[in-house]
Amino acid sequence: MSAPLPLLDPPQPDPAPPAKRGVLDVPADEFRAWLAARGQPPMRAGQVRRQVLVNRAVTFEEMSDLPKGLRAELADEFDVFSTRVERHRTASDDTHKLVLRLADGGMIESVLIQDEGRATACVSTQVGCGMGCVFCASGLNGVVRNLTSGEILEQLVRLRNLTPKPVVAEKNPISRAPSRREVRDGTTVALADRLTHIVVMGMGEPLANLDNLLSALAVAGDKNGLGIGARHVTISTVGLPAKIVRLAEVGKQYSLAVSLHAPDDALRTRIVPTNDKTGLDAILAAADAYFAETGRQVTYEYVVLGGLNDQPEHARQLAGLLAGRKAHVNLIPWNNVDGLPYQRPRDNDLQYLIDTLRKGGISVKVRKRKGSEIDAACGQLRRRAEQTSVRSEG
Ligand code: SAH
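Not measured: the values here are computed from a predicted model.

What counts, and where the lines are drawn
- Residues numbered from 1 in each chain as written.
- Predicted model: local features only at pLDDT ≥ 70, side-chain atom pairs only at ≥ 80, totals over all residues.
- Heavy atoms only, no water.
- Helix = DSSP H or I, 4+ residues; strand = E, 2+ residues; numbered from the N terminus.
- Buried < 20%, exposed > 50% of the residue type's maximum accessible area, 1.4 Å probe, protein only.
- Core = buried A, V, L, I, M, F, W, Y, C linked by side-chain atoms within 4.5 Å.
- Domains from an automatic or database assignment.
- Pairing = 2+ DSSP bridges.
- Axes fitted to C-alpha atoms, helices over the stretch in contact; angles between N-to-C directions.
- Contact = heavy atoms within 4.5 Å.
- Phe/Tyr/Trp six-rings, centres within 6.5 Å; stacked < 30°, edge-to-face > 60°.
- pLDDT = per-residue confidence, 0-100.
- Parallel < 35°, antiparallel > 145°, perpendicular 65-115°, else oblique.
- Left-handed = near helix turned anticlockwise from the far one by under 90°.
- Nonpolar A, V, L, I, M, F, W, Y, C, P; charged D, E, K, R; others polar.

One non-glycine residue, Arg-56, lies in positive phi territory at about 65°. Within the secondary structure layout, Arg-56 lies in the loop between α2 (43–53) and α3 (68–77). The exposure class assigned to Arg-56 is buried, which follows from its relative accessible area of 9%. The phi torsion at His-261 lies on the positive side, around 65°, for a residue other than glycine. By the element assignment, His-261 lies in the loop between β13 (255–259) and α8 (265–271). Overall, the relative accessible area of 4% leaves His-261 in the buried class.

And the structure:
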C-alpha cells in the first residue's frame, strides 16, 4: 500500500449531492409548460434565467421579482445549480480553480484567470477526455461522458460569480473604486466585474461535444445572458477536421485554436494518438477553411515537450509548415503532470523555437503560467481531488 498523499486543501463543506435538476438544463418549452401547469405566465422562465445569469442569484428564495409561492415550488422541483463545489482554490495572482462535482458524481474543472481588466473563464466540455494526448492529465482515464449545455453554462456562471460584483451607479463615483481594484505586487490592478473572455480549454474535446457547447455559448453571448461576444470566445481542439468545418458553418466569430504539438505526422501521432486517423494535412486544410469562412486568424497551440518536439529541426519544420498562413502560434511549455515522463523545455531550445518561427514571419507567444501553484493545468486538480476522495471513501 502506498503512503497517503498529503491533503492539499483544508477540508471543505460537503453538503449532500443535489437530487434535483439544475434549472439551466431545463429546456425552455418544458419550463414554460411546468410554469403553465402552476398558472404562471411564460415570462417567468425568462425572469428565472435572468436572475441566475445576470443578477447572480444562487437560490430561488432571493429571486424577489417572483411570487413567493412560486419560489418555493421552484425550490421543490429544481436546483439553481446542478453541480456543487468540491474544491475551490485561489492563487496569489487571483486565479481561481474550481473542481465541480456533477449530480452523477463525476468531477470537472473550471478556472477563472484575472488579468488587468480581463476575466477569462476556462471551461470543460466533457468528464475526462477521449483523445489520449500522451502529456495531458485530462485523458489519463479516458472519457466518461459529454457535459450538458447547462453544465457548461453553469461553469461560466459560477466563475462569473467569483468576479467582483458590479457597483450600481452611485452618486459618489469614488466609492466604486475599492470593489474593482486591488493591490497586487505593490501596483493597483483593475479586476473586471464580469466575464470578458471564454476559453474552451478545460477538460475534454470541445468539438466532440459541439452541439451542447454551442447551446451554452449562445446563452453566454446573449445580452440577457452573460453578454460575451463570440470574438471573445476561443475554442481549442485536438483537430477534428469535419467538426472544424462544421464550426465554420455556424456563422459565428469564435476564435479557433488547434492543438498542433508536432510539425510532422510521425511525431504528432506519437504525441496526439488521434492524429493517426486525421493527419496534419486534413487538419490544416480545415483550419484554412475556418479562416476563409470566418476571417478569424487561427491559433496553433504547441505544447513544448523538452527534447521531444523542441529541437532545431522541429522548429524549422514547424516554420515551414505554417509559412504563408496567417497563423499565430501559442507555445505552451509543458506543465508537469505527476507520473508522466515528460520535461519542460530548456530555455535555449524554447528561444530557438521562438526565433525560428519569428524569422519565418509567424507571430508567436509563450503562454504565461497562471495559477501554477494551484495546479491550474488541465485535469491536474481533479486528479488530486479524486485521489483524495478515493482515499477518504476507502
Ligand atoms: N481537447 C482540446 C482542449 C485541451 S486543453 C485540445 O486538444 O485542444 C487546451 C490546451 O492545453 C491543449 O493544447 C492541450 O494540448 C494543452 N495541455 C494539456 N495538458 C497540458 C500540460 N500538461 N501542459 C501544457 N499544455 C497542456
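Residues Phe-31, Tyr-300 and Leu-331 are the most contacted members of the largest nonpolar core, which totals 99 residues. Residue contributions to this core peak at seven residues, all from helix α6 (residues 210–221). Looking at which domains feed residues into this core, each of domain 1 (21–79) and domain 2 (91–393) gives three or more. In this structure, Val-111, Cys-122, Val-199 and Ala-257 belong to the second largest nonpolar core, which totals five residues.

Pairing in this open sheet of 10 strands is mixed, and the strands run β3-β4-β5-β6-β11-β12-β13-β14-β15-β16 from one edge to the other. If you trace the sheet from one side to the other, it starts and ends with β3 (84–90) and β16 (363–366), each paired once. Averaged over all adjacent pairs, the angle separating strand axes in this sheet is 20°, with direction ignored. Pairing between strand β15 (residues 327–333) and β16: four bridges, direction parallel. Within β16, the residue paired with His-328 across the bridge is Ser-363. Strands β3, β4 (96–101), β5 (107–115), β6 (118–122) and β11 (197–200) of the sheet are contacted by helix α4 (residues 149–160), whose axis makes an angle of about 40° with β5.

Using the criterion set out here, one finds four aromatic pairs in the structure. Consider the rings of Phe-31 and Phe-78, whose centres lie 5.8 Å apart with planes at 90°: the pair is edge-to-face. Of this pair, Phe-31 sits in helix α1 (residues 28–36) while Phe-78 sits in strand β2 (residues 78–79), placing them 47 residues apart in sequence. Neither Phe-31 nor Phe-78 differs from the other in exposure class; each is buried. Among the aromatic residues, ring-to-ring pairing joins Phe-31, Trp-34 and Phe-78 into one connected group.

As a further point, take the confidence of the model for the protein. In the predicted model, the protein carries a mean pLDDT of 89, and the fraction of residues at 70 or more is 85%. Every residue in residues 1–7 is under pLDDT 50, and counting partners more than four places away or in other chains gives six contacts. Considering only residues more than four positions removed or in separate chains, one finds that residues 390–394, a stretch of pLDDT under 50, has three contacts.

Right, let's get into the packing of α1 against α3. Viewed as axis vectors pointing N to C, α1 and α3 meet at an angle of 130°, and their least axial separation amounts to 12 Å. Classified by the interaxial angle, the pair formed by α1 and α3 is oblique. Like other packed secondary-structure pairs, α1 and α3 cross with a definite hand, here right-handed. Contact residues: Phe-31, Trp-34 and Leu-35 in α1; Leu-70, Glu-73, Leu-74 and Glu-77 in α3. Here the residues of the contact of α1 with α3 are counted per class, giving five nonpolar, no polar and two charged.

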